Amino acid sequence: MTYYFNSSRPTRRQMLKGMGTAASGAAFALGAPSILRAQESALVVVSGGGPYEEAIRQAVLDPFQRETGIKVTYVVPAHDAKLRAQVDSHNVQWDVVELSDPAFRSDAAKYCEEIDYGAFDKETLDNLVPEAKTKYAVGSYVYSTVTAFSTAEYPADKPRPRSWAEFWDVSTFPGPRSLRTGGSGDGGAVEFALLAAGVPKDKLYPIDFDKAFASLDRIKPDLTKFWTDGADVGQFLSDREVAMASAWNGTMEYLKAQGAPLDYQWNEGQLSPLHWVVTKGTRNRTAAMQFVAYQATAQAQARLNNLIFYGPLNRAAFRYIEPGVAAKLPTAPENIDKQFFLDLAYWQALSPNGKTNTEVLVDRWTKWVAS
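This text gives an overview of the structure that appears in the document. Bear in mind the structure is a predicted one, so any value in this text is a computation, not a measurement.

**So, the side chain of serine 351**
With respect to the element layout, serine 351 can be found in the loop between helix H16 (344-348) and helix H17 (357-370). Among the polar contacts listed, one links the side chain of serine 351 to the side chain of asparagine 353, at a separation of 2.4 Å.

Structure representation (structure tokens):
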């Protein structure tokens, strides 16, 4: 996915400078055994590049190195296949990787170390949302897929869609629509289809594929665009190619701040958490566990999410996030309860036919699009 800096601040330089004061008075001192401080091999941390790399270096990596004495080498990009290949070949080079899928598959124990929650302080454990504390992964941040719409088509003095049922209501809210393609393996379209059909957000799983695709049939003539990359849907809305769409909140907030004629709402948004996993067989297991514990602290997550339009998974982080920024984040107290969490374990689980539920989705979607 695409990462965007928080454009509520005027320049990137000011944003990065501001990180040093985002959690003033609340520096987190994490002790490290002398054996780690004297380590010869760096802890290899793997995730995304570009603006996200700049943000995580300033918010998490640099403070972690200063406070623990543990040297970190940052590598991009994170790739599931490469992690698996390293473990299978007994040549593990990556210690900590920001990837969710490996931790929720049936073979998670083969590729991921079990998280040592003894490395976490009590405050962090008490404030992490349940979806962030899993057996083989620790949450890093969350983004939301929301209902977005063109303000040219739906100005402030006219009704705007407030739910997926209203997104599906082409009589009251006319205009072409766009959803992220299910062919990418993303379950958002079928989840939104079920919500539009009246399924409560806490009853979405297990997915009723028949009901979901029957709901999609109702709106198919008005689905004129499908998207894979978040930047595309922003362009569709800005150019008035579609009147409304599912979209990533960060992309929408960034474009909105730039003056693009679009807006979005949080109700029934899909919260998608990202996680850190510790590679099975790492030679730096103790340091890796210290890192995943550190990045989960309220202060570290606040520093990061002051710079990107995504949300912390540590509820206490909002004590240190600027109020104007906090309101725009998916996990802000006033936003989180309106939404639902993507069930990563469900989508990685095997269905009765031996395929994962994600593979079932892709098969069904391909046939539906072609029909």
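Additional details are given in the paragraphs that follow.
**Let's talk about the pattern of salt bridges**
Within the structure shown, the criterion is met by 17 salt bridges. Across the salt bridge formed by arginine 364 and aspartate 210, the nearest N and O atoms sit 3.2 Å from each other. Taken together, the positions of arginine 364 in helix H17 and aspartate 210 in helix H9 (residues 209-219) put the pair 154 residues apart, joining distant regions of the chain. As a salt-bridge pair, aspartate 263 and lysine 256 come within 3.1 Å of each other at their nearest N and O atoms. We classify lysine 256 as partly exposed; its relative accessible area is 36%. Through salt bridges that share partners, Asp80, Arg84, Arg105 and Asp107 make up one connected network.

**Looking at the nonpolar core**
Core analysis: the biggest nonpolar cluster contains 58 residues, and Leu43, Val45, Met252, Phe291 and Val292 have the highest contact counts within it. Contacts of valine 292, omitting those with residues within four sequence positions, involve Val96, Phe120, Val138, Trp276 and Val278. Leu99, Phe192, Met244 and Trp347 belong to the second-largest nonpolar core, a separate cluster that totals 50 residues.

**Observations concerning the pairing of strand E1 (residues 43-46)**
What you see with E1 is no split at all: Leu43 and Val45 on one side and Val44 and Val46 on the other are buried throughout. Between the parallel pair E1 and strand E2 (residues 72-75), the chain is carried across by helix H3 (residues 51-68), and the sense of this crossover is right-handed. Note that E1 and strand E3 (residues 96-98) share two bridges and pair parallel. The residue of E3 that forms the bridge with valine 45 is valine 96.

**Quick notes on the packing of aromatic side chains**
Describing an aromatic ring pair means giving the distance of the ring centres and the angle of the ring planes. As enumerated under the stated definition, the model contains 23 aromatic pairs in all. On the numbers, 6.3 Å between centres and 75° between planes, the contact of phenylalanine 226 with tryptophan 368 is edge-to-face. Here phenylalanine 226 is found in strand E6 (residues 223-227), whereas its partner tryptophan 368 is found in helix H17, with 142 residues between them in sequence. Put simply, the rings of Tyr52, Tyr141, Tyr143, Trp227, Trp248 and Tyr310 touch in pairs and so form one group of aromatic residues. A cation over a ring is seen here: arginine 84 above tyrosine 111, with NZ or CZ 4.6 Å from the ring centre. Here the guanidinium or amino end of lysine 220 rests over the ring plane of tryptophan 368, the centre of that ring lying 4.7 Å away.

**A short note on the side chain of serine 100**
Topologically, serine 100 is positioned in the loop between E3 and helix H5 (108-111). For serine 100, a relative accessible area of 11% translates into the label buried. Of the polar contacts made by the side chain of serine 100, one reaches the backbone oxygen of proline 273; its length is 3.3 Å. If we skip the residues at most four places from it in the chain, serine 100 touches Pro273, Leu274, His275 and Leu344.

**A look at H3**
Under the 1.5 Å per step criterion, the end-to-end length of H3 is 25 Å for 18 residues, consistent within 8% with the ideal 26 Å. In H3, a bend of some 50° at arginine 57 exceeds every other bend along the element.

Conventions used here
- Residues numbered from 1 in each chain as written.
- Predicted model: local features only at pLDDT ≥ 70, side-chain atom pairs only at ≥ 80, totals over all residues.
- Heavy atoms only, no water.
- Helix = DSSP H or I, 4+ residues; strand = E, 2+ residues; numbered from the N terminus.
- Polar contact = N/O pair within 3.5 Å; in protein donor to acceptor, adjacent residues only side chain to side chain.
- Salt bridge = Lys/Arg side-chain N within 4 Å of Asp/Glu carboxyl O.
- Buried < 20%, exposed > 50% of the residue type's maximum accessible area, 1.4 Å probe, protein only.
- Core = buried A, V, L, I, M, F, W, Y, C linked by side-chain atoms within 4.5 Å.
- Contact = heavy atoms within 4.5 Å.
- Right-handed = clockwise from strand over helix to strand, strands pointing away.
- Pairing = 2+ DSSP bridges.
- Phe/Tyr/Trp six-rings, centres within 6.5 Å; stacked < 30°, edge-to-face > 60°.
- Lys NZ or Arg CZ within 6 Å of the ring centre and 35° of its normal.
- Expected span 1.5 Å × (residues − 1).
- Bend = angle between axes of the 7 residues up to and from the residue.

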